[in-house]
Amino acid sequence: MRNETECGGKANRLKRPNVIIVSTHDSGRHFGCYGVETVQTPNIDRFASEAILFEQMFAASPYCTPSRGALLTGRYPQANGLIGLTGERCKHPWELNDYHQHLSQLMQDCGYDTAMFGLQHETQFIERLGFDSTAFHGTGTYGKGDERSALQVAADAAAFLKTHKDGETPFYLQIGFFETHTPYDFGGCTPDDSGGVWIPPYTRSHDWSPWNKILAKYYADPADRTPRHHIAAFQGALRQVDQAFGIILNALEQASLAENTLVLFTTDHGPEFPGAKWKLHGAGLGIAFV
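Criteria and cut-off values
Residues numbered from 1 in each chain as written. Predicted model: local features only at pLDDT ≥ 70, side-chain atom pairs only at ≥ 80, totals over all residues. Heavy atoms only, no water. Helix = DSSP H or I, 4+ residues; strand = E, 2+ residues; numbered from the N terminus. Rg over C-alpha atoms; globule rule 2.2 N^0.38 Å. Buried < 20%, exposed > 50% of the residue type's maximum accessible area, 1.4 Å probe, protein only. Contact = heavy atoms within 4.5 Å. Areas by Shrake-Rupley, 256 points an atom, 1.4 Å probe, with all protein chains shown as cover. Lys, Arg positive; Asp, Glu negative; His and termini not counted. Charge placed at Lys NZ, Arg CZ, Asp CG, Glu CD. Phe/Tyr/Trp six-rings, centres within 6.5 Å; stacked < 30°, edge-to-face > 60°.

> Help me understand the overall build of the protein in this model?
Secondary structure assignment for the protein yields 8 helices and 5 strands. Radius of gyration (C-alpha) of the protein: 19 Å, near the 19 Å computed for a compact globule of 290 residues. The dimensions of the protein, computed from C-alpha atoms along their principal axes, are 65 × 40 × 35 Å. A buried classification covers 54% of the 290 residues belonging to the protein. Sequence separation of at least 24 residues holds for 70% of the intrachain contacts in the protein that already meet a minimum separation of 6. Surface exposure of the protein reaches about 12800 Å², of which carbon and sulfur atoms provide 52%. With 24 positive and 32 negative side-chain charges, the protein shows a separation of 3 Å between the mean positions of the two kinds.

Right under this line is the structure:
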């Protein structure tokens, strides 16, 4: 384990920035700041205009656990042990080779308060990670009954920020939204085509029928289960993500923490569209990273 001397010592604790990582599920680069004009993501877009937007960031994997594990350990899936999915629903769940490689452990060793809100998908044993506190609601699989919407998770995070407004101890805050994973009605999301619908060109040479089975819960008429309706539902989930991100940014401002906090907004891999998630294509690996 690292000690405080190696991490800068007590004298330097107040000089170090707070760190917040906000991640979504299955969103790719489908945001206004990445040129998609039909989505309602004003908070994310405004944040991007004031931040550094990476245009060519790619995930280590086109699905959840390996991608998230690589981001939070700095190691490829073959090196950190997360070659496949983890979670209690997996027949053979994968786990980290060394839990101390996880960023939460490294930050905790360096004197940071560490907290996790929402979902993580790096382990089914969150107690083995380095979080001082958690409001933990699942490992990425919908349907357990303990998940919370992005708006609820953001409220948890905002309450945490309020308790740290004195700035005495730096913090590492990891926030995971279930959205925009299917089904897109999670957390009360409704389809949004108010600004139109943009169907990515990479999907046009693929069969949509397997993906559009999920739309049966939105549209009784099979004729309505089209790419347009699929993406409208996806855009509704993106709208909710944006609202939740706005809650977090506002809480940072209200707690006077924004100037000394590094915020990363990202996602794990491409969207649940044909030719994207699950595929080693640019659309499957290309991610937002702001």
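> Help me out: how do you make sense of the packing of aromatic side chains in this one?
What the rule picks out here adds up to 12 aromatic pairs. Ring geometry for Phe160 against Phe171: centres 5.5 Å apart, planes inclined by 85 degrees, an arrangement best described as edge-to-face. Of this pair, Phe160 sits in helix H5 (residues 150-163) while Phe171 sits in strand S4 (residues 171-176), and the two are 11 residues apart along the sequence. By relative accessible area, Phe171 is classed as buried at 1%. Summarising the aromatic geometry, the rings of Trp208 and Phe273 are spaced 5.7 Å apart at their centres and angled 45 degrees between planes, so their arrangement reads as tilted.

> So what exactly am I meant to see when it comes to the side chain of Thr73 here?
Within the element layout of this structure, Thr73 appears in helix H2 (residues 64-73). In contact with Thr73, other than residues within four places in its own chain, are Asn80, Leu96, Gln101 and His102.

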